[in-house]
Structures are given as C-alpha cells and as structure tokens.
Amino acid sequence: MNIFHCTKLYLAQTTPFFVAVLFLLSHAHGDDIQKQIDALRKQLLEMEENTSGMREELDDLKSKNQDWLTEERAEEFRLLVQDLLADADSRASLVGDGLLGGWSNGFFLASSDGRFKLNIGGLVQERYMQSYVRVGLQGGADRWRGGLENSRTRLNISGHIFDKNLTFLFQPGFGYLDPHAISNSPLLRIGARFWDAWVKYKINDEWSAKLGTFMLPFTKESLIPDTRQLAVDRSLLDYRLGLGRSTGIQFTWLRDGTRVFLSTSNGALPLRGLEQIENPTPPWAALSEDTDWSVTARAEFLLEGEWSQFNQFTSLPGSQRARMLGIAFHAQNQERGTNSGASADHIGLTADYSMNFDGASFFVSGTFHNIKNFVSQVTNTDMIGYTIQGSQYISDDTELFMRYAGGGPIQDQDLGGQAQILTSGANWYIDGHQFKVTSDLGWSFGEISSVLANQMLGWRGSPNRNAEWVLRAQLQLEF
C-alpha cells in the first residue's frame, strides 16, 4: 500500500469526526459546549479501550506464535535424544543381569552400577627391516640383510574393580625377550612375554600409588607408549640409557602444572652390565639377582597446554600450543652374585623439553650415566645420550619427521666410539594411531659398537664410521 492510498484512507476515516466537531462548536451555546466536550472525552476513552483490546489480541497472537516455536524446538530435541539413545544402544547392550558390553574406544564389559569395568584391546606391529653394513663384518655375514617380523603382538587388558579409583593393566603377548640385549645375545629373539602388569589406586585428587611391572619414570622417550612413538621405534641410545621396565612401586603427585613420580624398584635392566642375568624378561622373581636398592624420581612442569598433549610425540593439526619440561634422577646399587661379579652400580640424570604447535612438534633430551664395572675390564665409565627430533603435518593424515640421536661411552676406548644416527621418515594415519603406517630411513655417521648394537631396531653394529644404514616400515593396528 503506497502513501497516497494511506492518506486517502486516513482522510476518509477522520473527516466525519472533524465535521462533527465543527458542527457542534458552531451550534454550541453556554453549557452545551461543556456537554459536547464531555461527549468527545467519552468517545476518546472508548477509542483507547478499543486500542487496548487490539493490543491484547496482538500480544496473545504473539504468545501463541512463540509457543508454536517452542513446541517445534521441543520436537527437534526429542528427535535428537532418540538418535543419541539409538547410538548408545549400538555401542552398549545389556547382557545377563545388568551387565553392559559394547564398544567405546575399545571393547568393554561393565556392571550397571559402574563399580566394575573390563577393557579388552590388542596391538599388532608388523615390521619390515632392511639393513646394510658396508665394512667391519666378521664371519662372512651378509652385507644386506632384511625381512619381516611381528615385533609386538599383545593383548591390552585394563579397567577398574570395586571402585573407579582402583585400576589395573595387564599386557601379555609375544615380543623380544630382551629389547635391550646386545647384538650377540641368545635372548635377542621373539617369544612369549608380557609388558606392563600393575595395579594402581588413586588415593586422592593429588596422590596415586602403582604396584607391579611398569616403565621406570626416567627418559621421556621411554614413557611415551610403544604405539605413540614418532618413528618406528625409540632411538638406539634410549634402549641403553632409558632404563626400561622394572618391578616396583611408584607414587605420583599431581597439582596444577606440576607432577612428580617417585619409584623404588628392582633396578634398571639395561645398565646391570653386559653379562647375562638369570631372566631379563618379566615376570621376575624376588630373589633373582638384581639390586640391593634402586630409586627413580622424575618431575614434569607443564608450561603451557594440557597434560594429555604429551602422551604422544605428534601434535595434531588444530592443536593448541603446549610446552613441557622434564627432569629425572636414577641411582641403583647392584647385588653381588656369580653372574655379575663386581657390582655394576650407577647414577643417572636426564632432562627433556617438549613443544607442540598446530600440526608440528619439537623434542630435545639429554641423558648422562656414570657406571661402575659395566664390563670386567672397565671399572668406571660415563655414557651420554642425546636426541633432537621434530615433526610437521603436510596434510590431515600425513606427517613428516626427522630425528638426530647419538651418544655412547665418552672416555673408554674398550667400549667403542659414539653413535650418531640421522633418521627421517613419515607417518600415514589411516585411522589415527589405531591404524597407521610408519616408514623411516636411518643413516649412521658414527660407530655402532657392540655395546650399543640392537638388532630389534635394525642396527647390527659396525666399528667403522658411515658404514651402516637401516630402512624400516611398520604397520600398526591397535584396538
């Protein structure tokens, strides 16, 4: 409706009213004028009442419209709830007397009251390795050697019992009997074993205690799980200086941006010397030759980000910036026995710094050990290890990485020179860490002495510099 029609309509409606007013004014006399004014006032009041009624009708219509919108939203919420319930039914179902079972980042069984839960998962790491040694071979060994292997095949059984504060983990399966064994060890083979086996109780919001077999809280490389490494495996030096697993008790304290691990155990397996001990594969017996005492302590400081970001070496695209600093100490006094002869006591220190960015990561660490009687002809030696690595996503599921790691004995020629290895490769995350392919190529710029050689990692050992390289590819399936 244009302004002309609006004006015309307005005049048509108001003209009779003004004509009446003029007529009354022209014929009014004395008191009649007052009566006429009262009549006009009455008409105005009636018009106001009509206007008020119309306003109430409009408010009622508006309210009904809002109720209609509210009902529409409520219907949408009902449909959403139905979809969520259907999804929950597909993940979990009642079995027997109130027992829940299904899939939630793994298969599980749980009681309906939440007091008991059993998670059942597994890991398969299929690895291909090709090794080349240019010089320094003995006994007519092949320069080229390669093949396929099941490096780790295990079950992951975890959950809580009686209370969510009482948790457990057990990992039986098949793998290298001694991942830290030197190149000529008879235990450098794959057999039945287990990895972690512990029970943990959360005492309160700050303290928890863990008892059993677990990775000692020393180097960051060791504490990152086997399935969350950046390369195919940890660095060569970490398998000699990273302490590995032991049986003991560990207390953890957590507050704000600080957490501390305190552990006493049967000691570190890789640093008891090169002589063979009775059984390097868990489970261990209490009276086996190990240590008189052993103490490990680690402190971590979260400078930025979340703790969960440092459960792996990679940083996903879209992740927030995060930084963490870690320092650790270890000391042990070895028991004297027929296998070891003189006591191989030692003290170790390590420090590491981690940074995560949006799709990129950086990590650097250094480790030092002083060891007494590491081998019979060396009564005192110092060993060092260092690692620098970084990664960068080039797409949502493809990540490139590079690592430089080295170290070894720093003053004893009888133990050989220091290793220096450059490793570069890529991760293809088909379905995150649960299903991924990792491939890397390692070049040795130093010596790989018999003290450091580790065929599980592909390094057979060579006393000559620039004489060895290893190509590896690994398919990982975790559920």
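These lines cover the structure that appears in this document, whether it is placed above or below. Everything numeric here is computed off the predicted structure, so don't read it as measured data. (Residues numbered from 1 in each chain as written. Predicted model: local features only at pLDDT ≥ 70, side-chain atom pairs only at ≥ 80, totals over all residues. Heavy atoms only, no water.)

**Describing the overall build of the protein**
Broken down by element type, the protein carries 4 helices and 19 strands. Within the span of the protein, comprising 479 residues, buried residues form 43% of the whole. Long-range pairs, those at least 24 residues apart, make up 61% of the contacts in the protein between residues at least 6 apart in sequence. Counting only carbon and sulfur atoms, one obtains 60% of the accessible surface of the protein, whose full area is about 25300 Å². (Helix = DSSP H or I, 4+ residues; strand = E, 2+ residues; numbered from the N terminus. Buried < 20%, exposed > 50% of the residue type's maximum accessible area, 1.4 Å probe, protein only. Contact = heavy atoms within 4.5 Å. Areas by Shrake-Rupley, 256 points an atom, 1.4 Å probe, with all protein chains shown as cover.)

**Focus: the environment of Ile-161**
If you trace the backbone, Ile-161 turns up in strand β5 (residues 144-161). Given a relative accessible area of 32%, Ile-161 falls into the partly exposed group. Remark: the alpha-carbon pair of Ile-161 and Ala-110, spanning 51 residues in sequence, is separated by 9.8 Å. Among all residues touching Ile-161, those that are not within four sequence positions of it are Arg-115, Phe-116 and Leu-166.

**Some details on empty space enclosed by the protein**
Take a probe with the size of a water molecule and roll it over the atoms, and the empty space left behind shows itself. What the rule picks out here adds up to 8 cavities of 30 Å³ or more. In this structure, the largest cavity occupies an estimated 260 Å³ of space. Lining the largest cavity are 23 residues, and of these Pro-179, His-180, Met-215, Tyr-239 and Arg-245 sit closest to its centre. Counting only elements with at least two residues in the lining of the largest cavity, the list comes to β5, β7 (190-202) and α4 (238-241). Looking at side-chain class alone, the lining of the largest cavity contains 12 nonpolar, 5 polar and 6 charged residues. (1 Å grid on protein atoms, 1.4 Å probe; cavity = no way out; pocket = protein on both sides within 12 Å on 5 of 7 lines; lining within 4 Å. Points joined across faces, edges and corners; volume = space filled by probe spheres on them. Nonpolar A, V, L, I, M, F, W, Y, C, P; charged D, E, K, R; others polar.)

**Remarks on the pattern of salt bridges**
Tallied over the full model, the rule gives 17 salt bridges. Salt-bridge contacts for Arg-234 lead to Asp-226; the nearest nitrogen and oxygen are separated by 2.8 Å. Residues Glu-304 and Arg-323 are paired through a salt bridge, measuring 3.0 Å at the closest nitrogen-oxygen approach. Remark: Arg-323 occurs in strand β12 (residues 322-334) and Glu-304 occurs in strand β11 (residues 291-304); sequence separation between them is 19 residues. For Arg-323, a relative accessible area of 23% puts it in the partly exposed group. Here the salt bridges share partners, and the residues they tie into one network are Arg-127, Arg-152, Arg-154, Asp-196, Asp-226, Asp-233, Arg-234 and Arg-245. (Salt bridge = Lys/Arg side-chain N within 4 Å of Asp/Glu carboxyl O.)

**Regarding the side chain of Arg-152**
You can see Arg-152 is positioned in strand β5. You can call Arg-152 buried: its relative accessible area is 6%. A distance of 3.4 Å separates a polar atom in the side chain of Arg-152 from a polar atom in the side chain of Asp-226. For Arg-152, the side chain forms a polar contact with the side chain of Asp-233, separated by 3.4 Å. (Polar contact = N/O pair within 3.5 Å; in protein donor to acceptor, adjacent residues only side chain to side chain.)

**What to know about the environment of Thr-219**
With respect to the helices and strands, Thr-219 occurs in the loop between β8 (207-215) and α3 (220-223). For Thr-219, a relative accessible area of 4% corresponds to the buried category. When the C-alpha positions of Thr-219 and Asp-352 are compared, they lie 7.8 Å apart, and in sequence the two are 133 residues distant. The contacts of Thr-219, once residues within four sequence positions are left out, are Asp-238, Leu-241, Gly-242, Arg-298, Thr-350 and Thr-367.

**Focus: the pairing of strand β3 (residues 107-111)**
Where β3 and strand β4 (residues 117-133) come together, 4 bridges link them in antiparallel fashion. From the neighbouring strand, Ala-110 faces β4, where its bridge partner is Lys-117. (Pairing = 2+ DSSP bridges.)

**A look at the environment of Ser-265**
By the secondary structure assignment, Ser-265 is in strand β10 (residues 258-265). Along the chain, Ser-265 and Val-295 lie 30 residues apart, while their C-alpha atoms are 6.8 Å from each other. Among residues more than four places away in sequence, those in contact with Ser-265 are Leu-216, Ser-246, Thr-247, Gly-248, Thr-291 and Ser-294. Polar contacts involving the side chain of Ser-265 include one to the main-chain amide nitrogen of Gly-267, which spans 3.2 Å.

**Some remarks on the pairing of β5**
Note: β4 against β5, 16 bridges, orientation antiparallel. For Glu-126, the partnering residue across the bridge sits in β5 and is Asn-150. In textbook terms, the turn of a hairpin is the stretch between consecutive antiparallel strands, and for β5 and strand β6 (residues 163-176) this stretch comprises 1 residue, one of which, Phe-162, has a positive phi near 70°.

**Structural notes on the packing of aromatic side chains**
With the rule as written, the count across this model stands at 10 aromatic pairs. Geometrically, the ring pair formed by Tyr-132 and Trp-144 is tilted, given 4.7 Å between the ring centres and 45° between the ring planes. One end of the pair, Tyr-132, is in strand β4; the other, Trp-144, is in strand β5, with 12 residues separating them in the sequence. Chaining the aromatic ring pairs together yields one cluster made of Tyr-132, Trp-144, Trp-443 and Trp-469. (Phe/Tyr/Trp six-rings, centres within 6.5 Å; stacked < 30°, edge-to-face > 60°.)

Read these as layout, nothing more, since geometry by itself doesn't imply function.
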